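Each chain is listed here by its residues.
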Amino acid sequence: MPKNPWINISTPLPGPKAQAILEQDQKYVSPSYSRPYPLVAHKAEGMVVIDMDGNTFLDFAAGIAVCATGHCHPRIVRVIQEQAAQLIHLSGTDFYYPQLSALAQKLAEIAPGSGEKKVYFGNSGTEAIEAALKLARYATGRKKFIAFYGGFHGRTLGALSLTASKPVQRRGFGPLLEGVTHVPYPDCYRCPERPARDSCHPACVRVIEDQLFKTILSPEEVAAIVFEPIQGEGGYVVPPPEFFDELKRLSRQHGILLIADEVQSGMGRTGKMFAVEHFGIEPDIIALAKGIASGLPLGAIVARADLMSWPPGSHASTFGGNPVSCAAASETIRLLEEGLLQNAAETGQYLLDSLRKMMDRCAIIGDVRGRGLMIGIELVKDRNTKEKAGAWRDLAVHECFHKGLLILGCGENTLRLMPPLIVSRAQADVALEILEEVLLEIGGKDIV
Ligand SMILES: Cc1ncc(COP(=O)(O)O)c(C=O)c1O
């Protein structure tokens, strides 16, 4: 691999300073975190993370799709510093400050849908989902929800009741929320009925109407359908357009709200501000977090104004929408609008096209899919049987780390690329080169 200005691995990984932190972490930190490789960060800038021992890595994971504007973007750092020197906290639940209302106005203006909208702020994705669930129940007077297998919506008990991504996330934590029914999420790559890439078998998207509503669930009891426009943790699965047509139809016909979980897919990641814009759907409630404030904790829901009829005191959070996070979010949106959205669309398409060409050379790539910089590479043992290559995927994540490229997995056997939206074509080329090298190396390995 030719030298590039971003990657320099000069110690064994983990290096000695990293090793000391790992030992401390192991002794004192909750073992519930799932770290795929021992990266111990010291600092980061732009697309590069520098570890405790001075090794530098090219970041295609962005702190799990959070650092939208890259690490420590100078403009984000500046607004954080200025805001921190002025007002760190007051609690938007009890008092007013302009950073919160200005961000609410901006989010309401840019969210899909022409009607008026209002915004509620929390601190994380899971809190955004909790707020969405409570608002949907309150506004409709209905109790039940429909969610999708493979979906990930967070880990607090309400959101966890929707999450159906891995058994370990739920095991031992029940009972969960009553009245949540899961149905399959359309996965075109694994659809047995799909003869050609651009055709869709209607049975898959009609499962709610044809099976659920005819057997165990009355539509008039359903408050909302909660969906990820592109499934994230579940494997970066992009549904067919017919899926969204069906959601719209069900919503109109039965008065069911549509809650789009855009925690991972939102804020420019897919090359549009919200992933639902790719599919022409205007949800009643959109949940946001992750990339919204370039790394500061912030979650939000943007909802139809007429739904936000809940009275003072009914829902709030002490820290939600603190001034520093709100200032960082407003600056993040400015940066997205000034060019990062476009870069996400263009560099994302370049990556997708290049990865599809890579399929000719790497037999273990079964499918490449995504929008913008939300890209999944599904690994299989055999393209005909589509046998999932979970162990190869784990090994690929690990090997990329050792070659200086930070990526993560999702689903059982998929690699995901979710770099900061500042990624350049030259950096994309380095990542592609490492990926190809790694996938060719492990393709022949005899592991299960
Ligand atoms: C689609 C989606 N929803 C919700 C969440 C939960 O967000 P948080 O970890 O901030 O609670 C995540 C986190 O990965 C997510 O990807």
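The rules behind each value
Residues numbered from 1 in each chain as written. Predicted model: local features only at pLDDT ≥ 70, side-chain atom pairs only at ≥ 80, totals over all residues. Domains from an automatic or database assignment. Contact = placed C-beta atoms within 7 Å. Helix = DSSP H or I, 4+ residues; strand = E, 2+ residues; numbered from the N terminus. Nonpolar A, V, L, I, M, F, W, Y, C, P; charged D, E, K, R; others polar. Buried ≥ 20, exposed ≤ 12 C-beta atoms within 10 Å, placed from the backbone. Pairing = 2+ DSSP bridges. Axes fitted to C-alpha atoms, helices over the stretch in contact; angles between N-to-C directions. Left-handed = near helix turned anticlockwise from the far one by under 90°. Near = placed C-beta within 6 Å. Core = buried A, V, L, I, M, F, W, Y, C linked by C-beta atoms within 7 Å. Expected span 1.5 Å × (residues − 1). Bend = angle between axes of the 7 residues up to and from the residue. Parallel < 35°, antiparallel > 145°, perpendicular 65-115°, else oblique.

With that out of the way, let us pick up the domain arrangement of the chain. Split into domains, the chain comes out as domain 1 (16-72 + 341-443) and domain 2 (90-321). Each of domain 1 and domain 2 was reduced to a C-alpha centroid, and the two centroids are 26 Å apart. At the junction of the two partners, domain 1 supplies 28 residues and domain 2 supplies 23 residues. When residues of the side of domain 1 that touches domain 2 are traced back to their parent elements, those giving at least two are α2 (62-65), α10 (323-358), β11 (365-371), β12 (374-382) and β16 (414-417). Broken down by element, the residue count for the side of domain 1 that touches domain 2 peaks at five residues, all from β11. Looking at the side of domain 1 that touches domain 2 residue by residue, the class counts come to 13 nonpolar, nine polar and six charged.

Let us now look at unusual backbone geometry. The residue after Leu-13, namely Pro-14, is reached through a cis peptide bond having omega -5°. Tracing the backbone through its elements, the reader meets Pro-14 in the segment before α1 (16-28). Of note, the amide linkage connecting Gly-174 to Pro-175 takes the cis form, showing an omega dihedral of 0°. With respect to the helices and strands, Pro-175 occurs in the loop between α6 (157-162) and β6 (180-183).

Looking at the secondary structure, you find Gln-342 in helix α10. A count of 14 C-beta atoms within 10 Å places Gln-342 in the partly exposed class. Distance from Gln-342 to Gly-268, taken between C-alpha atoms, is 8.7 Å for residues 74 residues apart in sequence.

Take the sheet that holds strand β2 (residues 48-51) next. Pairing within the open sheet is mixed, and its four strands lie in the order β1-β2-β3-β14. With partners counted over all chains shown, the strands left at the sheet margins are β1 (41-45) and β14 (405-406), one partner each. Where β2 meets strand β3 (residues 56-59), three bridges bridge the pair, whose relative direction is antiparallel. Paired with Val-49 across the two strands is Phe-57, which belongs to β3.

Their axes nearest at 9 Å, the elements helix α4 (residues 98-110) and α10 cross at an angle of 35°. Here the hand of the crossing between α4 and α10 comes out left-handed. Taken together, the residues of α10 that come into contact with α4 (itself represented by Gln-99, Leu-100, Ala-102, Leu-103 and Lys-106) are Pro-323, Cys-326, Ala-327, Ala-329, Ser-330 and Ile-333. Across the contact of α4 with α10, the residue classes tally to eight nonpolar, two polar and one charged.

Strand order in the open sheet formed by seven strands is β4-β10-β9-β8-β7-β5-β6, and the pairing between neighbours is mixed. Sheet topology places β4 (117-122) and β6 at the edges, where each strand pairs with a single neighbour. Going from strand to strand, the sheet's axes swing by 20° on average, the running direction of each strand aside. Relative to strand β7 (residues 222-227), strand β5 (residues 144-148) is paired through three bridges, and the arrangement is parallel. Residue pairing in the sheet places Ile-146 in a bridge with Ile-225 of β7. The strands that α4 touches are β4 and β10 (299-304); relative to β4, the one it contacts most, it runs at about 125°.

For β11, a buried count of seven out of seven residues is recorded, marking the element as mostly surrounded by other parts of the structure. One ladder, built from six bridges, connects β11 with β12; its direction is antiparallel. What sits directly across from Asp-367, in β12, is Glu-378.

In the vicinity of the ligand, 15 residues are found, and the nearest of them are Gly-125, Thr-126, Gly-154, Val-263 and Gln-264. Class assignment for the residues of the shell around the ligand results in five nonpolar, seven polar and three charged.

Counting 130 residues, the largest nonpolar core has Ala-132, Ala-224, Ala-300 and Ile-301 as its most contacted members. Here the element with the most residues in this core is α10; it accounts for 13 residues. Viewed by domain, this core spans two of them, domain 1 (16-72 + 341-443) and domain 2 (90-321), each represented by three or more residues. Ignoring sequence-local partners within four residues, the contact set of Ile-301 consists of Val-119, Tyr-120, Ala-128, Ala-131, Ala-132, Leu-135, Ile-285, Ile-286 and Ala-287.

The next subject is α10. In this model, α10 (36 residues) spans only 45 Å end to end at C-alpha, well below the 52 Å of a helix rising 1.5 Å per residue. At Glu-337, α10 shows its maximal kink, close to 65°.

What follows concerns helix α5 (residues 125-140). Since the α-helix turns once every 3.6 residues, residues separated by three or four places project in the same direction. Taking 1.5 Å per residue, 16 residues should reach 22 Å; α5 reaches 22 Å between its end C-alpha atoms and fits that length. Among the residues making up α5, those that are buried are Gly-125, Thr-126, Glu-127, Ala-128, Ile-129, Glu-130, Ala-131, Ala-132, Leu-133, Leu-135, Ala-136 and Ala-139. Looking one or two residues beyond α5, the residue adopting positive phi is Gly-141, at roughly 75°.

As judged from the four bridges shared by β5 and β6, these two strands associate in the parallel manner. Directly across from Ala-147, in β6, lies its bridge partner His-182.

Now for the packing of helix α11 (residues 390-402) against helix α12 (residues 425-443). Where α11 meets α12, the axes come as close as 10 Å, and the angle between the chain directions of the two elements is 135°. With respect to each other, α11 and α12 are oriented oblique. Viewed along their axes, α11 and α12 form a crossing whose handedness is right-handed. Contacts between α11 and α12 involve Trp-392, Leu-395, Ala-396, Glu-399 and Cys-400 from the former and Ile-434, Leu-435, Val-438, Leu-439, Glu-441 and Ile-442 from the latter. Taken together, the residues of the contact of α11 with α12 break down into nine nonpolar, no polar and two charged.

With respect to the helices, strands and loops of the structure, Glu-378 is situated in strand β12. With 238 residues separating them in the primary sequence, Glu-378 and Thr-140 have C-alpha atoms 39 Å apart. With sequence-adjacent residues up to four places away left out, Glu-378 is seen in contact with Tyr-189, Gly-235, Gly-366, Asp-367, Asn-413 and Thr-414.

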